[in-house]
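# Structural overview for review
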Amino acid sequence: MSAYEVVIAGAGRLQELETLKFEYREGRRKREGFVLRYQGDLYAYRNECCHIPMTLDWVDNRFLSRDRRHIQCAGHGALYEPGSGLCVWGPPAGSKLAGFEIELRGDDLVVKIPRSPSP
Ligand code: FES
């Protein structure tokens, strides 16, 4: 599947457990994603819960649970593993956040967004 690239300037400098949101398009629809550094590695996910298609962060850019061990949905509290996006607790348990391929280019992070047909 073809993809286009979204470059997030400076995201390569995120510190452990820091997150950063970004915007992208799926067809004509504007969407949000976020980048997270976890155990030294960077991950990029679509900012959308697997339970109900709503954003995970009600407080802007706050994605982690209180103990900072999981990504937590503000809706009904679902907990996702930061490194895999797997939901380990909550209504969508067993589902996975949509993740993106990424590539570091210096301090910038390139997120590869799959192209979807325009509606
Ligand atoms: S909307 Fe995320 S757990 Fe319900």
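Our structure's up above, just so we're on the same page.
Throughout what follows, the structure given in this document is the object of discussion. The model shown is predicted, which means the values in this text are computed figures rather than measured ones.

### Let's talk about the overall build of the protein chain
The helix and strand inventory of the protein chain stands at zero helices and nine strands. On C-alpha atoms alone, the protein chain measures out to a radius of gyration of 14 Å, which is about the 14 Å that the 2.2 N^0.38 rule sets for 119 residues. C-alpha extents for the protein chain along the principal axes are approximately 35 × 35 × 25 Å. Per-residue burial over the protein chain gives 25% buried out of 119 residues. Here the contacts in the protein chain between residues at least 6 apart in sequence split such that 46% fall between residues at least 24 apart.

### Here we look at the sheet that holds strand E8 (residues 101-105)
Read from one edge of the open sheet, three strands run E1-E9-E8, paired in antiparallel fashion. Sheet topology places strand E1 (3-8) and E8 at the edges, where each strand pairs with a single neighbour. On average, each strand axis in the sheet is inclined to that of its neighbour by 25°, with strand direction left out of account. As paired elements, E8 and strand E9 (residues 108-114) share five bridges and run antiparallel to each other. Across the sheet, the residue bridging to Arg 105 is Asp 108, located in E9.

### Observations regarding the pairing of strand E2 (residues 19-26)
Looking at chain direction, E2 and strand E3 (residues 29-38) are connected through eight bridges and run antiparallel. Each bridged residue has a counterpart across the sheet, and for Lys 21 the counterpart in E3 is Phe 34. Adjacent in sequence and paired antiparallel, E2 and E3 are bridged by two residues, among which Gly 27 carries a positive phi angle near 60°.

### Side note on the environment of Gln 72
For Gln 72, the position within the fold is in strand E5 (residues 71-72). Assessed through the 23 C-beta atoms surrounding it within 10 Å, Gln 72 is described here as buried. Between the C-alpha atoms of Gln 72 and Arg 28, which are 44 residues apart in sequence, the distance is 28 Å. Those residues in contact with Gln 72 that lie beyond four places of it in its chain are Leu 64, Ser 65, Gly 77 and Leu 79.

### Quick word on unusual backbone geometry
One non-glycine residue with positive phi stands out, namely Leu 17, at about 70°. With respect to the element layout, Leu 17 can be found in the loop between E1 and E2. One non-glycine residue, Gln 39, lies in the positive phi region at around 50°. Assignment of secondary structure puts Gln 39 in the loop between E3 and strand E4 (41-46). Overall, the presence of 9 C-beta atoms within 10 Å leaves Gln 39 in the exposed class.

### Topic: the nonpolar core
Residues Ile 8, Val 35, Leu 36, Tyr 43 and Val 111 are the most contacted members of the largest nonpolar core, which totals 23 residues. Mapped by element, the contributors of at least two residues to this core are E3, E4 and E9. In terms of residue count, E3 provides more of this core than any other element does, four residues in total. For Ile 8, the contacting residues outside a window of four places in its chain are Leu 20, Phe 22, Val 35, Asp 108, Leu 109 and Val 111.

Conventions and cut-offs
Per chain, the residues get numbers from 1 upward, laid out in the order the sequence is written. The model is predicted, so local features are restricted to residues of pLDDT at least 70 and side-chain atom pairs to those at 80 or more, both for listing and for counting; the totals for chains, interfaces and linings are taken over all residues. Helix and strand labels come from DSSP, where a helix needs a run of H or I of at least four residues and a strand needs a run of E of at least two; each type is numbered from the N terminus. Throughout, the radius of gyration refers to the C-alpha atoms, and the reference size of a globule is 2.2 Å times the residue count to the power 0.38. Exposed residues have 12 or fewer other C-beta atoms within 10 Å of their own C-beta, buried residues have 20 or more, and partly exposed residues fall in between, where C-beta atoms are placed from the backbone. We call two residues in contact whenever the C-beta atoms placed from their backbones are within 7 Å. Any two strands with at least two DSSP bridges between them are considered paired. For every element, the axis is a line fit to its C-alpha atoms; helices are fit only across the contacting stretch, and the angle between N-to-C directions ranges from 0 to 180 degrees. For this entry, the nonpolar core is defined as buried Ala, Val, Leu, Ile, Met, Phe, Trp, Tyr and Cys residues connected by C-beta atoms within 7 Å.

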